[in-house]
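Given next are the chains, with one letter for each unit.
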Amino acid sequence: MARTAASRMRWAMIALAFFATLINYLDRQALSVAAPVLRLQFHLSNEGYARILFAFMLAYTIMNGVSGLVIDRLGTRTGYALFVAWWSLCAMLHAFARGALSLGIFRFLLGIGESGNWPAAVKVVAEWFPIEERSIASGIFNSGSSAGAILAPPIIVFILLKWGWRSTFVAVGCLGFVWLVAWLRWYRVPVRTTQEVALPPNVPVWQVLRSRFVWSFTLSKVFMDPVWYFYIFWFPEYLHHSRHFDMASIGRYAWIPFFVAGLGSSGGGFIAKGLLNFGMSVTAARKSAITFAALMMTMAVPAVLTESSALSIAFVSIAMAGYTASLANMLAMPADVFPAEAVASVYGIASMGSGFGGMIFMLLTGWLVDRYSYVPVFLLFGLIPLVCAFVLWTLMGPLEGHSHPGAQTFQTQG
């Protein structure tokens, strides 16, 4: 009976991670949706806007290497709560921005807090789900990013047009504290089995850093995650400046690719599960699903070349679904190799590649748009996911051999 209750409870736990991720993206998207108004008020060029995004990515990158370690030390319940409270407060501080500098400072502080969401959610997956369900569970919680991005344009545009842009940041920031009450009330670590009790309490950081999986996984994220950052931070701007959408039109249409991306998040998990059921190895199933998703992301190329705005949104939707399908599998990979006690640290360290790539490509985006157009930018983000797939197939090596709960020996560089 206890095992049946625990089995049912795991879906409630992943639902909490889903809503945290949704709120995370509402807080993150508030700036990009309101950007046309803020850029006009604060006289921001594309490069100036890119520098504010860089401030967020700088903090996000630095803290990705720290947040996972903090969560592994404090535990999922306390660690997740700490980061959600921090980023929710910082989201509300945006209402006090008086110019580019203060806006950049508040984005930096937001990046510190938001870095904790994915390491914490990955840890929830590792604590509650068996290996064959991890890509599905990862897809479920990560679809919160798409849900948040879907809701952001209509909600933020409505609040902005009715009460002003400052109210949007206060409203989305308050949601995190509502989530915090539910999290502290209901989350708990599942009861350990005899085998799980024998796990070491912590994996040494030096052992994590020496892992072949960690450095290759980190490198792969340099070429995958910046694509998503481009869409969430620049897509409303692209619709406004290149497709000539006004704020009301952005509110009506900018959510569509994120809705499709939410379907991709779940689809990526089921693709991997189907390949595993078909008899494919964990390594081949994860990497094959990610490669297929990377090919979907090349749809960014025709998206910028077509004259039709409707077709452009459709192609972007396919590309974004490809990203979320790939991420559902990449989120599951640390738990395939490391025990639950270490997965937040592993994912946090690897996500420094995500942040580093995000910083470089955000600045490059602003530079390219100011000097040329969005065409080279879409070409770039349509092709670099293929580099990610290449890294996974050539440098990462196998996941098998370490994907069981008691594993204590990991792939090393040698």
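What you see is a predicted model, and the numbers here were worked out from it, not measured in a lab.

A. Layout of empty space enclosed by the protein. A complete count under the given rule lists 2 cavities of 30 Å³ or more for this structure. Taken as a whole, the largest cavity encloses approximately 150 Å³ of empty space. Around the largest cavity, the lining comprises 18 residues; the ones closest to its centre are Y60, W118, D225, Y229 and Y323. For the lining of the largest cavity, the secondary structure elements donating two or more residues are α1 (2-42), α2 (46-74), α5 (117-128), α6 (134-163), α11 (225-241), α16 (309-337) and α17 (343-371). The residue inventory of the lining of the largest cavity, partitioned by class, reads 9 nonpolar, 6 polar and 3 charged.

B. A look at the nonpolar core. Within the largest apolar cluster, 127 residues are counted, with the highest numbers of intra-cluster contacts made by Y80, F213, F233 and F378. The dominant element in this core, judged by the number of residues it contributes, is α1, at 17 residues.

C. Up close: helix α7 (residues 165-186). A rise of 1.5 Å per residue sets the reference length of α7, with its 22 residues, at 32 Å; its end C-alpha atoms lie 34 Å apart and thus fit the reference within 8%. For α7, every residue scored as buried is listed here: W165, T168, F169, V172, G173, G176, W179, L180, A182 and W183.

D. Broad picture of the packing of aromatic side chains. What the rule picks out here adds up to 31 aromatic pairs. With 5.9 Å between their ring centres and 85 degrees between their planes, F158 and W163 make a pair best called edge-to-face. Under the relative-accessibility criterion, W163 is labelled exposed at 52%. Within the aromatic cluster, the residues linked to one another by ring pairs are F230, Y231, F235, Y238, F361, Y374, F378 and F381. Just above the ring of Y25 sits the side chain of R28; from NZ or CZ to the centre is 4.6 Å. If you follow K162 out to its NZ or CZ, it ends over the ring of W163, 5.6 Å from the centre.

E. Main features of the confidence of the model for the protein chain. Across the protein chain, the average pLDDT comes to 85, with 90% of residues at 70 or higher. Within the protein chain, the lowest mean pLDDT, 40, falls on helix α8 (residues 194-197), and the highest, 96, falls on helix α15 (residues 300-305). Across residues 401-414, where pLDDT falls below 50, the model places 35 contacts with residues more than four positions away in sequence or in other chains.

F. Layout of the environment of W128. With respect to the helices and strands, the residue W128 is situated in helix α5. Residue W128 is classed as buried on the basis of its relative accessible area of 8%. Separated by 11 residues in sequence, W128 and N117 place their C-alpha atoms 17 Å apart. At 3.4 Å, the side chain of W128 and the backbone oxygen of R188 are in polar contact.

G. Just the side chain of R243, in detail. As for its position among the elements, R243 is in the loop between α11 and α12 (247-253). Despite its burial, R243 pairs with no opposite charge; the closest candidate is E307, at 7.9 Å N-O. A polar side-chain atom of R243 sits 3.0 Å from a polar atom in the side chain of Y238. Those residues in contact with R243, other than ones at most four positions away along the chain, are Y238, A303, V304, T306, E307, S308, S309 and S312.

H. The environment of M396, seen in detail. Residue position: M396 is located in helix α18 (residues 375-396). With a relative accessible area of 0%, M396 lands in the buried category. M396 sits 181 residues away from W215 along the chain, and the two C-alpha atoms are 8.3 Å apart.

I. Quick look at the pattern of salt bridges. If you walk through the whole model with that rule in mind, you get 7 salt bridges. Among the ionic pairs, R10 bridges to E133, the shortest N-O distance being 3.0 Å. One end of the pair, R10, is in helix α1; the other, E133, is in the loop between α5 and α6, and 123 residues separate them in sequence. Like E133, R10 is buried. With a shortest N-O distance of 2.8 Å, R371 and E47 are connected by a salt bridge. With R371 in helix α17 and E47 in helix α2, this pair connects stretches of sequence that are 324 residues apart. Taking the relative accessible area as the measure of exposure, E47 reaches 25% and is therefore partly exposed.

J. Up close: a nonpolar patch on the surface. On the surface, W215, L219 and L395 cluster together into a nonpolar patch covering about 220 Å² of accessible area. Inspection of the secondary structure assignment puts L395 in helix α18.

Rules used in this analysis
Residues numbered from 1 in each chain as written. Predicted model: local features only at pLDDT ≥ 70, side-chain atom pairs only at ≥ 80, totals over all residues. Heavy atoms only, no water. 1 Å grid on protein atoms, 1.4 Å probe; cavity = no way out; pocket = protein on both sides within 12 Å on 5 of 7 lines; lining within 4 Å. Points joined across faces, edges and corners; volume = space filled by probe spheres on them. Helix = DSSP H or I, 4+ residues; strand = E, 2+ residues; numbered from the N terminus. Nonpolar A, V, L, I, M, F, W, Y, C, P; charged D, E, K, R; others polar. Core = buried A, V, L, I, M, F, W, Y, C linked by side-chain atoms within 4.5 Å. Buried < 20%, exposed > 50% of the residue type's maximum accessible area, 1.4 Å probe, protein only. Expected span 1.5 Å × (residues − 1). Phe/Tyr/Trp six-rings, centres within 6.5 Å; stacked < 30°, edge-to-face > 60°. Lys NZ or Arg CZ within 6 Å of the ring centre and 35° of its normal. pLDDT = per-residue confidence, 0-100. Contact = heavy atoms within 4.5 Å. Polar contact = N/O pair within 3.5 Å; in protein donor to acceptor, adjacent residues only side chain to side chain. Lys, Arg positive; Asp, Glu negative; His and termini not counted. Salt bridge = Lys/Arg side-chain N within 4 Å of Asp/Glu carboxyl O. Patch = residues over 30% accessible without salt bridge, like charges linked within 9 Å, V, L, I, M, F, W, Y side chains within 5 Å. Areas by Shrake-Rupley, 256 points an atom, 1.4 Å probe, with all protein chains shown as cover.

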